[in-house]
Amino acid sequence: MSEGTVATQHTYVPLWRVRLNLFLRSLRTNWALFAENPIGLIGLGIIIFFGLFALAHPILMNTVWPSKIYDPVSGYDMEVAFHPAPPSPRHLLGTDPLGRDVLSQLMYSTRYEFALGILSAVVTVVIATTIGAVSAYYGGIIDTLFMRLADLVIMVPFLPILIVLSALTEVGMIELALVIGILSGFGGTTIVIKSQALAIKVKPFIEAARVSGGGDFHIIFRHLIPNLLPISLLYMMFVVTGAIFSEAVLSFFGLTTIQMSWGIMINTTQLFGYLLRFDTWWLLIPASLAITTLCAAFYLVGRALDEVVNPRLRRR
Amino acid sequence: MWKFLGKRLLQMLITLLLFQTATYFLLDAQPGDIADLLALNPDIPPAERDRLRAQLGLDRPPVERFVNYIFNFYRGNLGVSFQEYPRPVIDIIKERLPRTVVLFLTASLVSFWAGFVTGKILAWKRGGWIEYTATITGVTLYTVFTPWFALMMIWLFAVTLNWLPAGKFLDPLKWLDAPISANEVFTRMITSAFVGLVVMFLGFWLSNRMPRRSRPAVRLLSFLVPLGGILLYWRLNGLGFYAWDILRHLILPVLTVTLIAYGGTMLLTRTSMLETLREDYILTARAKGLPEKDIRDKHAARNALLPVWTSLVFSIGGSVSGGIITETIFSWPGIGLTLLNASLVADIPLAMGALTMIGVLTLVSHLVADIGYVFLDPRIRY
């Protein structure tokens, strides 16, 4: 639409506006495709819910929750006789064996889960997209080198390596995000993105760019990679799921030095011997359910995006 | 084909060496060794700790130790475990690897079969509430926090219903006067199950070559005869009681892993089927007026099988490492639990042994995947 008006009026429209209009238009069509699928909307709804959940924590801490009692790491409620205490109006999800409020821990951890997931997804996608585009574009020895590396990385069992690493150094949130991001960036994601890049590389507009004198760098970063972004976005969602899951498992085994996260909450439950005592359900279920739902939400969004990116999966 | 195999085996060997190098130095770079763990024990003087270090060879430079390790490894000597000194690593692995493999092979095969069948049907009948419920269930099973899911299974089947034991490999009280060791019984269980499965498979294979009318009878027979044979074998040798104890402990972990793997397989089959259904040959098959069931099972599903096959084989390799979670929750003494415990106490030989086994399993399963393609898709040749 907007290009049509540009052409008829012959007025000068800056390039960025044309680009913005194009971008908005494709966003609208893609959103329509995405919204057709209730599954993606459910996932998006859950993610937004958790986002608000994370945002609410600092507000609550500053208004109604005195930090001596409700601090997720160092709080302690002296007015309750026995910890862990069951849910009550004072502690909506009860307290943990150390007398800390479970709901506050749950909310406080949410932002770190988001940060971890998004950081590792960004690392993965930056690495995988660059390597995928470069090795598809140049082929030859570069391609062989990176693909063999990818084979090696895929082969390496993920969890054991993280366990070995955690014995080696102190694994905090950032280190964990980087390791997960790098491992999945050099591994399977690269192969998928490279195969997509191979399909794009032979399209006429790449030829056109080369004929009009575009250099390798220009073609890779201005023509190849922008066309790889949809599939990269898709894989970001799956990496987020994997990262949150891995963090939870490692923290559950007590192999990270993270102060508070959903996995640590379950680890605390285990340390104090409440893991197999199912009457204290509030120690185990809220955190586990949060991990499961957030992982599932990102995965659902990924699947819905898959239908947008890959037309062969659509119903029509 | 043979040339391909030779090349592949060479590549695998190189990959394994790289893998071993990387993991050895990672494990070795940990601060502190097994002798340091004894530092808190007041009965052991520092001189004695140094002597222990020298005895275990921990005072030599890492490169020398690594070269020694690799040379010994390929001569079949995996060293001696530090924590269960002086038990050889190979002995521990021989005991624990079958437990892991049985657990995950059973679970993978069952979930693969069930997931493939349901995914196929789901892709065929698109839309409606069935699709959404199935997708949500599949995604939930796929992304569920595994330790929690395992705990919930324990809660349901072991605590609330009290049908099955909550964990461990066997119930020690029942084994007090057992005539042979648990491992012996377990080996016999594996052998009998394997023989039974082979007979079953042969029967099904034969039934496809029989006239259509007698097929159901032959199939029923080939299912019942091996089953009866196995039951009779365990009844007669008087060890059935012990085998049943191990089997009871096996059911819950297998069920858990199966359900988790099922979600992924079902979703993957569905996606793969949806892509296949867009192909022109499906349209042709429809135009020819073939029955719907034939199009679904013979034209679409057969081609949709390839990615699912890849994921099955990878998941068998990968599940051994993922099995750390399940094995820990169920206290199932397999290779994953061994690895976790060994790397926590800097037991380098045992951790290396377990990691190498996991690596070998992964490599072999990748090779099996590639060979399987040739049979599944005649277009692929090496």
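Not measured: the values here are computed from a predicted model.

Draft legend 1. How the structure looks around the overall build of chain B. Scanning chain B from terminus to terminus reveals 14 helices and zero strands. Traced from its N-terminal end to its C-terminal end, chain B shows the element sequence α-α-α-α-α-α-α-α-α-α-α-α-α-α. Dimensions of chain B along its principal axes, counting C-alpha atoms only, are 85 × 50 × 40 Å. Residue burial in chain B is summarised as follows: out of 382 residues, 34% are buried. The contacts in chain B between residues at least 6 apart in sequence include a share of 72% that link residues at least 24 apart.

Draft legend 2. Broad picture of the overall build of chain A. Check the secondary structure of chain A and you find 13 helices and zero strands. The secondary structure elements of chain A, listed N-terminal to C-terminal, are α-α-α-α-α-α-α-α-α-α-α-α-α. Each principal axis of the C-alpha distribution contributes one length, and for chain A these read about 80 × 50 × 35 Å. Burial statistics for chain A: of 316 residues in total, 43% are counted as buried.

Draft legend 3. Quick look at the packing of helix 5 (residues 102–138) of chain A against helix 11 (residues 216–252) of chain A. Residues and elements named next belong to chain A. Where helix 5 contacts helix 11, the two axes come as close as 6 Å, and the packing angle between them is 145 degrees. Considering only the axes of helix 5 and helix 11, their crossing is right-handed. Looking at the contact of helix 5 with helix 11 residue by residue, the class counts come to 17 nonpolar, six polar and three charged.

Draft legend 4. Layout of the domain arrangement of chain B. Taken as a whole, chain B is organised into domain 1 (24–77) and domain 2 (94–148 + 158–169 + 254–376). For domain 1 of chain B and domain 2 of chain B, the distance between their C-alpha centroids amounts to 38 Å.

Draft legend 5. Seen up close, the interface of chain B and chain A. With 41 residues of chain B at the interface, the matching set in chain A holds 32 residues. When residues of the side of chain B that touches chain A are traced back to their parent elements, those giving at least two are helix 1 (2–28), helix 6 (128–143), helix 7 (146–160), helix 10 (240–277), helix 12 (292–329), helix 13 (335–344) and helix 14 (348–376) of chain B.

Draft legend 6. Looking closely at the environment of Gly117(A). Residue and element names in this part refer to chain A. If you trace the backbone, Gly 117 turns up in helix 5. We classify Gly 117 as buried; it has 25 C-beta atoms within 10 Å. For the pair Gly 117 and Phe 245, spaced 128 residues apart in the sequence, the C-alpha separation amounts to 9.3 Å. Excluding residues within four positions of it along the chain, Gly 117 makes contact with Val 240, Ala 243, Ile 244 and Phe 298.

Draft legend 7. Fine view of the nonpolar core. One finds Met237(A), Ile244(A), Ile291(A), Tyr299(A), Ala351(B) and Ala354(B) to be the most contacted residues of the largest nonpolar core, which totals 145 residues. Split by domain, the residues of this core number at least three in each of domain 1 (24–77) and domain 2 (94–148 + 158–169 + 254–376) of chain B. If we ignore the near neighbours within four places in the chain, the residues touching Ile291(A) are Ile244(A), Ala248(A), Trp262(A) and Phe145(B).

Draft legend 8. Here's a closer look at the packing of helix 11 of chain A against helix 12 (residues 262–271) of chain A. Residues and elements named next belong to chain A. Two numbers describe how helix 11 lies on helix 12: the axes approach to 7 Å, and their chain directions differ by 25 degrees. Taken as axis vectors, helix 11 and helix 12 run roughly parallel relative to one another. Where helix 11 crosses over helix 12, the handedness of that crossing is right-handed. Taking contact as the criterion, the partners of Glu 247, Ala 248, Val 249, Leu 250, Ser 251 and Phe 252 in helix 11 are, on helix 12, Trp 262, Gly 263, Ile 264, Ile 266 and Asn 267.

Draft legend 9. Seen up close, the confidence of the model for chain A. A residue-level look at chain A finds 95% of positions with pLDDT of 70 or above and a mean pLDDT of 84. When pLDDT is averaged over each helix and strand of chain A, the minimum, 50, is found for helix 1 (residues 2–9) of chain A and the maximum, 90, for helix 5 of chain A.

Draft legend 10. Region of interest: unusual backbone geometry. Residues and elements named next belong to chain B. Even without glycine at this site, Ser 331 takes up a positive phi of about 45 degrees. One can find Ser 331 in the loop between helix 12 and helix 13. The partly exposed category is assigned to Ser 331, around which 13 C-beta atoms lie within 10 Å.

Draft legend 11. Representation of the confidence of the model for chain B within the structure. In the predicted model, chain B carries a mean pLDDT of 82, and the fraction of residues at 70 or more is 95%. Element-level pLDDT for chain B is lowest in helix 2 (residues 34–37) of chain B, with a mean of 68, against a maximum mean of 88 in helix 11 (residues 280–287) of chain B.

Draft legend 12. Focus on the environment of Leu98(A). Residue and element names in this part refer to chain A. Its place among the elements puts Leu 98 in the loop between helix 4 (67–70) and helix 5. Exposure remark for Leu 98: the 14 C-beta atoms within 10 Å place this residue in the partly exposed category. Along the backbone, Leu 98 and His 83 are 15 residues apart, and their C-alpha atoms lie at a distance of 6.7 Å. If sequence neighbours within four positions are ignored, Leu 98 has contacts with His 83 and Thr 268.

Draft legend 13. Seen up close, helix 9 (residues 215–236) of chain B. For helix 9 of chain B, with 22 residues, the first-to-last C-alpha span of 31 Å sits near the 32 Å given by 1.5 Å per residue. Within two residues after helix 9 of chain B, Gly238(B) carries a phi angle of roughly 75 degrees, on the positive side.

Draft legend 14. The environment of Phe186(B), seen in detail. Residues and elements named next belong to chain B. For Phe 186, the position within the fold is in helix 8 (residues 182–207). Phe 186 sits 87 residues away from Arg 99 along the chain, and the two C-alpha atoms are 8.4 Å apart. Residues contacting Phe 186, with those up to four places away along its chain left out, are Pro 98 and Ile 246.

The rules behind these values
- Residues numbered from 1 in each chain as written.
- Chains lettered and ligands numbered in written order.
- Predicted model: local features only at pLDDT ≥ 70, side-chain atom pairs only at ≥ 80, totals over all residues.
- Helix = DSSP H or I, 4+ residues; strand = E, 2+ residues; numbered from the N terminus.
- Buried ≥ 20, exposed ≤ 12 C-beta atoms within 10 Å, placed from the backbone.
- Contact = placed C-beta atoms within 7 Å.
- Axes fitted to C-alpha atoms, helices over the stretch in contact; angles between N-to-C directions.
- Left-handed = near helix turned anticlockwise from the far one by under 90°.
- Nonpolar A, V, L, I, M, F, W, Y, C, P; charged D, E, K, R; others polar.
- Domains from an automatic or database assignment.
- Core = buried A, V, L, I, M, F, W, Y, C linked by C-beta atoms within 7 Å.
- Parallel < 35°, antiparallel > 145°, perpendicular 65-115°, else oblique.
- pLDDT = per-residue confidence, 0-100.
- Expected span 1.5 Å × (residues − 1).

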